[in-house]
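Report on the structure
Here are the chains, one letter per residue:
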Amino acid sequence: MTDTKKGMDWIIEMLRKDQSPNGSWDYPFETGISTDAYMIILLRSLELHDEELIQGLSNRILSKQEKNGAWKLFYDEGEGNLTATVEAYYALLYSGNYPKNDKRILAAKRFILANGGIEQVSMFTKVMLAITGQYTWPSYSPLPIELILLPLHFPINFYSFSVFGRANLTPIMILADKQFTIKIDKCPDLSDLHLNREAKSQWDCSEDYRSLFSFIKDGAESLLGLPKQLHQLAIERAKKYMLDHLEPDGTFYSYYSSTFLMIFALLSLGYKKTDPVITKALEGILSMKCEIDGFPHMQYTTANVWNTSLISFCLQAAGVTHNDPMVKQANHYLMDKQHRKFGDWVIHNPKTMPGGWGFSDINTINPDVDDTTASLRSISRMKPPETQLWDRGITWLLSMQNDDGGWPAFEKNTNSKLLQFLPIEKGEFIIADPSCADLTGRTLEFLGRYTNLSGDHTAIKKGIHWLLRNQERDGSWYGRWGICYLYGTWAAITGLMAVGFSVRQTSLEKAVQWILDKQNKDGGWGESCLSDSKKTYVPLPASTLTHTAWALDALISVSDKPTTAIKRGITYLLDNLEKMDWTTDYPKGQGMAGAFYIHYHSYRYIFPLMALANYHKKFE
């Protein structure tokens, strides 16, 4: 018999040691080097001389450089990532601490030129380069700013976009409209990164998009008013949208990218660099700084609520009682973080009161389905759960179900097919918020195990049907917010099992067989970040703790006894709990395929503890 107790106890003590005084866990939300590079560029553009921070961020960026001069988003990303390398190269030069003939800078330049030059970077990076005078704005705006005036009944309108899309595109629309550029004397010159000087303003623009652009313009012109007045009204509306969605810390929606863009958008509208709104926004993103391996890192946002809800729930699953001071403190922290304000989610869901939870401890207006189920799971063992808080959470969660039966992340029914014609790179990740298998599965798991809803409840039946309709042919499910097919398949299997789905159903049998087929020789599982770009499962050349825990938990949920595959997986976990190598640093979360990956420092504890606890409870 496998003894899981020792492994669980080790994780529990690590978590006890790492808890913050306010009851939360503030493990880093690590997203590569982009935010660090952008911080240097922002500080230099605002002529703020925080040399200690700039040097610290530069050192972190250099510590991540590959031998060939490139930077990668993840371990097995081929030779390197062009966009990340351009961002790092620019930031290091802008820091003023590295000349162009520094061997590390030269190596980066060689990689950039060998891989297509500056023209081939991502759209968001082109926007940053255009703002800071390194790239020419397109002659047309990526989106006409008049879009913000279109009524909700128009086939495509401002609220057709996801909240993440609105947060980032609003300042971009202002900046592109103003063709805004800010270039200080010490700004480096990146013109030698252009392979084709004639293509200095290269931005993608298809014929499909041109017709959609005209459609939006025509729609705006059908509104009452003269074009010039409407244009000015649209700019004012966009500015108001940003200022109305500031969090208490001054950030725009608590996201680094949207706050960064907002600062420049406000400058383009005539705000001074010292304006209190800009100063507070800057303080807000600086407050998200954390330290990793002795270097400063600018977090994209904080993950305190997410970390805390998952950790507190897993601790309780592992036998730590809800009265233990560690859990008690965590749950009080979570109860305090339930949202009481209306956010944009109310546009598509107007008949429901606030009651969800957000991802970061900063957030007050942008709740999401995943954090809501995670937080409710954590407080569910309190006797009784805080009734009003619990009821509001459940009501909000059920109201967020999409018409197709699945659950989105942030907003209901925000997945217009028209959006695919917009020239927005990675548009499916930036501007859409579709139903997805991970959220639908995890919501069903919560409803099945922690509420008294019957399996015949309409919401549950619709959720089951959505999952069955969206299963891949090979038996897996694609997980939108994790890496990737292992994540989605784990969530779907555990969700279906929780609502009484039979393990003998063909769809579940196929899913279980798919997981078994992916087990590595060492007993673990590992999946590459390449899976999300290639839209098919790509194995990692090694197992990871987190992927192994997801696969194991799915197998445990469908098994009456510990199978050979489960025992091998548990042995892998127990033998590797303290391992520290590239597999523990490898991103397990995604925000945007091929561009934005997340290393959750908490996952190496959370998911192994969950799998070990469920194994222990069921089989030992």
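Residues numbered from 1 in each chain as written. Predicted model: local features only at pLDDT ≥ 70, side-chain atom pairs only at ≥ 80, totals over all residues. Heavy atoms only, no water.

**Observations regarding the overall build of the protein chain**
In terms of helices and strands, the protein chain carries 25 helices and seven strands. For the protein chain, whose C-alpha radius of gyration is 24 Å, the value lies close to the compact-globule estimate of 25 Å for 620 residues. Considering only C-alpha atoms, the protein chain reaches an extent of 70 × 60 × 45 Å along its principal axes. Burial analysis of the protein chain (620 residues in total) assigns 63% to the buried set. Relative to all contacts within the protein chain whose residues are 6 or more apart in sequence, the contacts with residues 24 or more apart total 75%. Carbon and sulfur atoms form 51% of the exposed surface of the protein chain, whose accessible area is close to 23,900 Å². Treating the 64 positive side-chain charges of the protein chain as one cloud and the 69 negative ones as another, the clouds have centres 2 Å apart. (Helix = DSSP H or I, 4+ residues; strand = E, 2+ residues; numbered from the N terminus. Rg over C-alpha atoms; globule rule 2.2 N^0.38 Å. Buried < 20%, exposed > 50% of the residue type's maximum accessible area, 1.4 Å probe, protein only. Contact = heavy atoms within 4.5 Å. Areas by Shrake-Rupley, 256 points an atom, 1.4 Å probe, with all protein chains shown as cover. Lys, Arg positive; Asp, Glu negative; His and termini not counted. Charge placed at Lys NZ, Arg CZ, Asp CG, Glu CD.)

**Observations concerning the pairing of strand S6 (residues 589-592)**
Put simply, side chains in a regular strand alternate between the two faces of the sheet. Sheet analysis places S6 next to strand S7 (residues 596-600), joined by three bridges and oriented antiparallel. In the strand pairing of S7, Met-592 is matched with Phe-596. Here S6 folds back onto S7, and the loop between the two strands holds three residues, one of which, Gly-594, carries a positive phi near 75°. (Pairing = 2+ DSSP bridges.)

**Observations concerning the sheet that holds strand S1 (residues 29-30)**
Taken in spatial order, the three strands line up as S1-S7-S6 in an open sheet, and their pairing is antiparallel. Strands with a single pairing partner mark the edges of an open sheet, and in this sheet they are S1 and S6. Relative to S7, S1 runs antiparallel, the two sharing two bridges. Across the sheet, residue Glu-30 finds its bridge partner in S7, namely His-599.

**Observations concerning the packing of aromatic side chains**
Two measures describe an aromatic ring pair: the distance that separates the ring centres and the angle between the ring planes. Inspection of the entire model under this criterion finds 40 aromatic pairs. Judged by centre distance (5.3 Å) and plane angle (70°), the rings of Tyr-615 and Phe-619 are edge-to-face. Pair noted here: Tyr-615 and Phe-619 are both in helix H25 (residues 603-619), with a separation of four residues, about one helical turn. The burial state of Tyr-615 is the same as that of Phe-619; both residues are buried. Every member of this aromatic cluster is reached through a ring pair, and the members are Phe-29, Trp-306, Phe-359, Tyr-487, Trp-490, Trp-550, Tyr-600, Tyr-603 and Phe-607. (Phe/Tyr/Trp six-rings, centres within 6.5 Å; stacked < 30°, edge-to-face > 60°.)

**Some remarks on the packing of helix H14 (residues 369-379) against helix H17 (residues 437-450)**
Between H14 and H17, whose axes approach to 10 Å, the crossing angle comes to 25°. The angle between H14 and H17 falls in the class roughly parallel. In the crossing of H14 with H17, the sense of the turn from one axis to the other is left-handed. Across the interface between the two elements, Val-369, Asp-370, Thr-373, Leu-376 and Arg-377 from H14 touch Leu-439, Arg-442, Thr-443, Glu-445, Phe-446 and Tyr-450 from H17. When its residues are assigned to classes, the contact of H14 with H17 shows five nonpolar, two polar and four charged. (Axes fitted to C-alpha atoms, helices over the stretch in contact; angles between N-to-C directions. Parallel < 35°, antiparallel > 145°, perpendicular 65-115°, else oblique. Left-handed = near helix turned anticlockwise from the far one by under 90°. Nonpolar A, V, L, I, M, F, W, Y, C, P; charged D, E, K, R; others polar.)

**Re the pattern of salt bridges**
Under the criterion given, the structure shown has 20 salt bridges. For Asp-370, the salt bridge goes to Arg-442, with nearest N and O atoms at 2.8 Å. Here the residue Asp-370 occupies a position in helix H14, and Arg-442 occupies one in helix H17, the gap between them amounting to 72 residues. (Salt bridge = Lys/Arg side-chain N within 4 Å of Asp/Glu carboxyl O.)

**Observations concerning helix H11 (residues 276-286)**
For an α-helix the count is 3.6 residues per turn, leaving residues at separations of three or four pointing the same way. When we look at burial in H11, the residues that qualify are Ile-278, Ala-281, Leu-282, Gly-284 and Ile-285. Looking straight down H11, one finds that the buried residues subtend no more than 155° of arc, so they occupy a single side. For H11, the secondary structure elements touched by its buried residues are helix H2 (34-45), helix H10 (256-268), strand S2 (289-292) and strand S3 (295-298). Where H11 begins, the side chain of Asp-275 points an oxygen toward the backbone nitrogen of Val-277, at a separation of 2.9 Å. (Arc of directions from axis to C-beta. Polar contact = N/O pair within 3.5 Å; in protein donor to acceptor, adjacent residues only side chain to side chain.)

**Examining the nonpolar core**
Of all hydrophobic cores here, the largest spans 206 residues; its most connected members are Met-39, Leu-315 and Ile-493. Among the elements that take part in this core, H25 stands out by supplying eleven residues, more than any other. Setting aside residues no more than four positions away along its own chain, Leu-315 makes contact with Ile-12, Leu-15, Trp-25, Val-320, Met-326, Val-327 and Leu-609. (Core = buried A, V, L, I, M, F, W, Y, C linked by side-chain atoms within 4.5 Å.)

**Brief notes about the packing of H10 against H11**
It is the contact of H10 with H11, at a shortest axis distance of 10 Å, that shows an interaxial angle of 160°. When the axis of H10 is compared with that of H11, the two are roughly antiparallel. Along this stretch, H10 crosses H11, giving a crossing that reads as left-handed. Here H10 contributes Tyr-256, Thr-259, Met-262, Ile-263, Leu-266 and Leu-267 to the contact with H11, which in turn contributes Val-277, Ile-278, Ala-281, Leu-282 and Ile-285. Class assignment for the residues of the contact of H10 with H11 results in ten nonpolar, one polar and no charged.

**Notes on unusual backbone geometry**
For the bond running from Ile-483 to Cys-484, omega is -15°, close enough to zero to count as cis. Assignment of secondary structure puts Cys-484 in the loop between helix H18 (458-469) and helix H19 (485-498). Positive phi values are uncommon outside glycine, yet Glu-47 reaches one of about 55°. Along the polypeptide, Glu-47 turns up in the loop between H2 and helix H3 (51-63). For Asp-293, which is not glycine, the phi torsion reads 55° and is therefore positive. Along the chain, Asp-293 turns up in the loop between S2 and S3. Residue classification places Asp-293 among the exposed residues on the basis of a relative accessible area of 68%.

Any functional reading would require information that these geometric values do not contain.
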